[in-house]
Amino acid sequence: MWPLWRLVSLLALSQALPFEQRGFWDFTLDDGPFMMNDEEASGADTSGVLDPDSVTPTNSAMCPFGCHCHLRVVQCSDLGLKSVPKEISPDTTLLDLQNNDISELRKDDFKGLQHLYALVLVNNKISKIHEKAFSPLRKLQKLYISKNHLVEIPPNLPSSLVELRIHDNRIRKVPKGVFSGLRNMNCIEMGGNPLENSGFEPGAFDGLKLNYLRISEAKLTGIPKDLPETLNELHLDHNKIQAIELEDLLRYSKLYRLGLGHNQIRMIENGSLSFLPTLRELHLDNNKLARVPSGLPDLKLLQVVYLHSNNITKVGVNDFCPMGFGVKRAYYNGISLFNNPVPYWEVQPATFRCVTDRLAIQFGNYKK
């Protein structure tokens, strides 16, 4: 029989606030490039990359009317611009055109900007892009073109591109070859588009060695096939996924973070998670699971599991931790189970024997 103090400790867990993971980048990405850390956002090694603020200007006299130009940064945001301004200094490395009324990118809009490193076009009205609009941008690494009216992935993206953020557009199809030649690309954010599983042509991601991919807030009913095998992070939250079948995750053995929260998942087939040996963080909150997914004790590096707001009615003593000692290499530092119909007084304290601290468990029926 468990000592009384252990039972009291378990009951205290039901009063704790919901677990908030520290040190991980939040799934909801910032709209602008100035709010995020490049290493976290793209996984890229930016050592040796040109820092726009550390370079002395060579042609600082050129600055479009109404814009602010400092060093090699040209900021033309929130000016009501209808088109890309002229007279941009050819040594510019960062061009900020967000929050304007630009509707089209023309052939010569970026002519001469061969040193441009980052281009920000967030929150415009862009619906048309000339096939050669990006041709002069031979050193472009970051393209932020979210919150526009695009119906397709822009053609002929620069081969130097590392990070593409194109969420909140009207894209319904990702054709084969659209990312051809983008060997440096390691981060794509394309959530908030009306993409269905049928919208991904076979081979759409061929040749890409992505580290990070987010297709959230779309219309997916299952995990897409043929995504890059190199992925470390895959975020598919806020979709309509109903189940995870045995081979859905077969290709993604390098994942260390998987986001599947806010879907309609009722079933995770036994053995599905065994293909993810390096997984460290798993988000399955706000789904329709009736039990804790099988296979969690076998994931030796798993540290964070979000299972709150499901239909889980029972938690078994071996649902999270392996039997025996020294089997699990990394102890849990976060398990959220709140807002489930679990009778927490029936859960044995030994269920959480491989958790670092009792405060790492969020239990009971807490509602924010």
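Counting of residues starts from 1 at the beginning of each chain's written sequence and follows it residue by residue. Under the rules for a predicted model, residues below a pLDDT of 70 receive no local features and side-chain atom pairs below 80 are neither given nor counted, while totals for whole chains, interfaces and linings still include all residues. The basis for the side-chain values is all heavy atoms of the structure; hydrogens and waters are excluded.

Named according to an unreviewed UniProt entry, the protein chain is Biglycan originating from Homo sapiens. Within the UniProt record for the protein chain, the comment given under Function (unreviewed entry) is "May be involved in collagen fiber assembly." What UniProt records for the protein chain under Subcellular location (unreviewed entry) is the sentence "Secreted, Extracellular space, Extracellular matrix". UniProt positions are given in the numbering used here, feature names are shortened, and annotations may be inferred rather than shown by experiment.

Bringing the UniProt feature "domain: LRRNT" (unreviewed entry) in the protein chain into the picture now. Per the UniProt entry, the sites bearing "domain: LRRNT" (unreviewed entry) are residues 62-94 in this numbering. This span, residues 62-94, is 0% helix and 21% strand, and a straight line between its end C-alpha atoms measures 14 Å. Strands here are runs of E lasting at least two residues and helices are runs of H or I lasting at least four, both read from the DSSP assignment and numbered beginning at the N terminus.

Take the packing of aromatic side chains next. Stacked, edge-to-face and tilted are the three classes for Phe, Tyr and Trp ring pairs, Trp counted by its six-membered ring, which pair at centre distances within 6.5 Å; planes under 30 degrees apart are stacked, over 60 edge-to-face, the rest tilted. The final tally for this structure, using the stated rule, is 8 aromatic pairs. Ring geometry for F110 and F134: centres 6.2 Å apart, planes at 15°, overall stacked. Of this pair, F110 sits in the loop between β4 (104-105) and β5 (118-120) while F134 sits in the loop between β6 (128-129) and β7 (142-144), placing them 24 residues apart in sequence. Residue classification places F110 among the buried positions, given a relative accessible area of 0%. Exposed residues in this analysis have more than 50% of their type's maximum accessible area, buried residues have under 20%, and partly exposed residues fall in between, with area computed by a 1.4 Å probe over protein chains only. The buried category is assigned to F134, whose relative accessible area is 2%. Taking the centre distance of 6.3 Å and the plane angle of 70° together, the rings of Y344 and F363 count as edge-to-face. Residue Y344 is found in the loop between β17 (334-336) and β18 (361-362), and its partner F363 is found in the segment after β18; the two are separated by 19 residues along the sequence. By relative accessible area, which is 1% here, F363 ends up buried.

Let's shift gears to the pattern of salt bridges. We count a salt bridge whenever a side-chain nitrogen from Lys or Arg sits within 4 Å of a carboxyl oxygen from Asp or Glu. The final tally for this structure, using the stated rule, is 13 salt bridges. With a shortest N-O distance of 2.6 Å, R165 and E163 are connected by a salt bridge. Considered together, R165 and E163 belong to a single accessibility category, that of buried residues. With a closest N to O distance of 2.5 Å, R214 and E189 form a salt bridge. Linking R214 in strand β10 (residues 212-214) with E189 in strand β9 (residues 187-189), this pair joins segments that are 25 residues apart in sequence. Through salt bridges that share partners, E189, R214, E217 and D237 make up one connected network.

A word on the environment of M190. Along the chain, M190 turns up in the loop between β9 and β10. Taking relative accessible area as the criterion, M190 reaches 1% and is therefore assigned buried. Separated by 23 residues in sequence, M190 and H167 place their C-alpha atoms 4.2 Å apart. We call two residues contacting when some pair of their heavy atoms lies within 4.5 Å. With sequence-adjacent residues up to four places away left out, M190 is seen in contact with I153, I166, H167, V174, L195, F205, L213, R214 and I215.

The next point concerns the state of the cysteines. Think of a disulfide as a covalent bridge from one cysteine sulfur atom to another cysteine sulfur atom. Disulfides are defined as pairs of cysteine sulfur atoms found within 2.5 Å of each other. Considering all chains together, one arrives at 3 disulfides under this definition. Here C63 is linked by a disulfide to C69, with a sulfur-sulfur distance of 2.0 Å. Taking the sign of the S-S torsion, about 85° here, the bridge from C63 to C69 comes out right-handed. Among the residues examined, C63 registers a relative accessible area of 26% and is labelled partly exposed. Accessibility expressed as a relative area gives 32% for C69, which makes it partly exposed. Disulfide pairing places C67 opposite C76 at an S-S distance of 2.1 Å. Taking the torsion about the sulfur-sulfur bond, which here is approximately 115°, the covalent link between C67 and C76 counts as right-handed. Of the residues examined, C67 reaches a relative accessible area of 11% and is grouped as buried. Numbered in order of appearance, the disulfide-bonded cysteines of the protein chain are paired 1-3, 2-4, 5-6.

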